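# Residue-level structure breakdown
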Amino acid sequence: MNSMTELATTLDLPRPYLLFLGDITEPGFAKTAYGLRDWGREQCVGELSCSPDAVTLGLPKLTPAQARAQGARSMIIGVANVGGRILESWMPSLLDALAAGLDLVAGMHTRLVDTPALVAAAERHGRRLIDVRTPPRGIPTATGRKRSGKRLLAVGTDCALGKKYTALAIWKALKKRGVSADFRATGQTGIMIAGSGMPMDAIVSDFEAGAAEILSPGASPDHWDVIEGQGSLFHPAYAAVSLGLLHGSQPDVIVVCHEAGRTHVLGLPEYALPSLEETIDLNLRLGRRTNPAIRCGGISLNTSKLSESEARRLMASESRRLGMPVADPIRGGEEFERLLDACLHG
């Protein structure tokens, strides 16, 4: 088997960035841009959209030429829309970026290098087209063999509700406590932030679990890999990647992520979300296939739409109801410290 170093996707992106929001009006579909703003703000010079109704990151609104003058070296398509498509309405902005001297970076399922107009413009202006969602070659099927070290996987009731933020926050908190830990990125935004990882939702399903094994190799007994989750076992479209990641990661601990107030699958209002109890139960039952000792460390609750007092009350009541720690890792506090303790020590 090839080593993880040979198989994992590793990036050297041209920084800093201009973040492109297209004409996206739902924040959940601009999670790449928000993630880069929140976890790599120093590398983001501004934002660009092609519609006055698009979401905003609160960054300076710049044209590609203005961004280039301020030092930007690339424009990142910060959108994760349904199907990962590059829309025709975006093309003028993408072409302007290339003409202004910026490379283009994307994590879409539609590849930049498969878009003839962009290929021609990039060649004309001497720019690069960088597709992050490109799996490495030679990924093996999973072995199911138990690996040394400890693993924590963020799972969720839905997409785009905090699995990446949860994993990043837990990883940073563990490092602060002096725990040996690595963040393992599994999606385009996480890979852009970390500089390496595995684009799990772009891998042929037979090799999903194998890719997860490669992403989190054997380590010393006290080392933790904190693995970014993908999708949800309950999602009508994306459950497959969630299951492959769960089996291949063989997590010792899961943290279940949910957004307070969300009741239906993002973009699919006819599908109600599962309860937290259902989500815990199904992930543990399926996860026991490759790690019989799997357990739930607690709940990561995205309370970004609540006031501080509302959030603290909800976390406390849910913790009492479920009998486990409930925290918002971004708010931190005693709730988050209890969640960390439960993950580490049970």
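Up top is the structure these notes are about.
Residues numbered from 1 in each chain as written. Predicted model: local features only at pLDDT ≥ 70, side-chain atom pairs only at ≥ 80, totals over all residues. Heavy atoms only, no water.

With that settled, consider helix 4 (residues 91-99). All buried positions along helix 4 are accounted for by Met91, Ser93, Leu94, Ala97 and Leu98. One side of helix 4 holds all its buried residues, which, seen down the axis, span an arc of 165°. (Buried < 20%, exposed > 50% of the residue type's maximum accessible area, 1.4 Å probe, protein only. Helix = DSSP H or I, 4+ residues; strand = E, 2+ residues; numbered from the N terminus. Arc of directions from axis to C-beta.)

Moving on, we get to the sheet that holds strand 15 (residues 326-327). Within the open sheet, the six strands sit side by side as 8-10-7-11-14-15. Their pairing is parallel. On the outer flanks of this sheet lie strand 8 (181-184) and strand 15, each paired with one strand and no other. In terms of strand pairing, strand 7 (residues 150-156) meets strand 11 (residues 253-259) through five bridges, oriented parallel. Across the sheet, the residue bridging to Leu153 is Ile254, located in strand 11. Contacting strand 7, strand 8, strand 10 (224-227), strand 11 and strand 14 (295-302), helix 6 (residues 163-176) runs over the sheet at an angle of about 165° to strand 8. (Pairing = 2+ DSSP bridges. Contact = heavy atoms within 4.5 Å. Axes fitted to C-alpha atoms, helices over the stretch in contact; angles between N-to-C directions.)

Turning our eyes to something else, we now look at the side chain of Ser249. Summarising the element assignment, Ser249 is placed in helix 9 (residues 239-249). Engagement of the side chain of Ser249 in a polar contact is seen with the backbone oxygen of Leu245, the distance being 2.7 Å. Leaving out residues up to four positions away in the same chain, Ser249 has contacts with Arg147, Arg151, Leu153, Ala212 and Ile227. (Polar contact = N/O pair within 3.5 Å; in protein donor to acceptor, adjacent residues only side chain to side chain.)

This part covers the packing of aromatic side chains. Under the defined criterion, the tally for this structure stands at three aromatic pairs. Ring geometry for Phe20 and Trp90: centres 5.8 Å apart, planes at 80°, overall edge-to-face. Within this pair, whereas Phe20 is found in strand 2 (residues 17-22), its partner Trp90 is found in the loop between strand 4 (74-77) and helix 4, the two being separated by 70 residues in sequence. Given a relative accessible area of 0%, Phe20 falls into the buried group. When the centroid spacing of 5.7 Å and the interplanar angle of 85° are considered together, the rings of Trp39 and Tyr165 count as edge-to-face. Linking Trp39 in helix 2 (residues 31-39) with Tyr165 in helix 6, this pair joins segments that are 126 residues apart in sequence. For the pair Trp39 and Tyr165, one class covers both residues: buried. (Phe/Tyr/Trp six-rings, centres within 6.5 Å; stacked < 30°, edge-to-face > 60°.)

Further remarks concern unusual backbone geometry. Backbone phi values are negative for most residues with the exception of glycine, while trans is the configuration of most peptide bonds. With an omega of 0°, the peptide bond between Arg15 and Pro16 qualifies as cis. Counting through the fold element by element, Pro16 comes out in the loop between strand 1 (9-10) and strand 2. Backbone geometry places Ala160, a non-glycine residue, at a positive phi of 50°. The topology assignment puts Ala160 in the loop between strand 7 and helix 6.

That is the geometry; function is a separate question.
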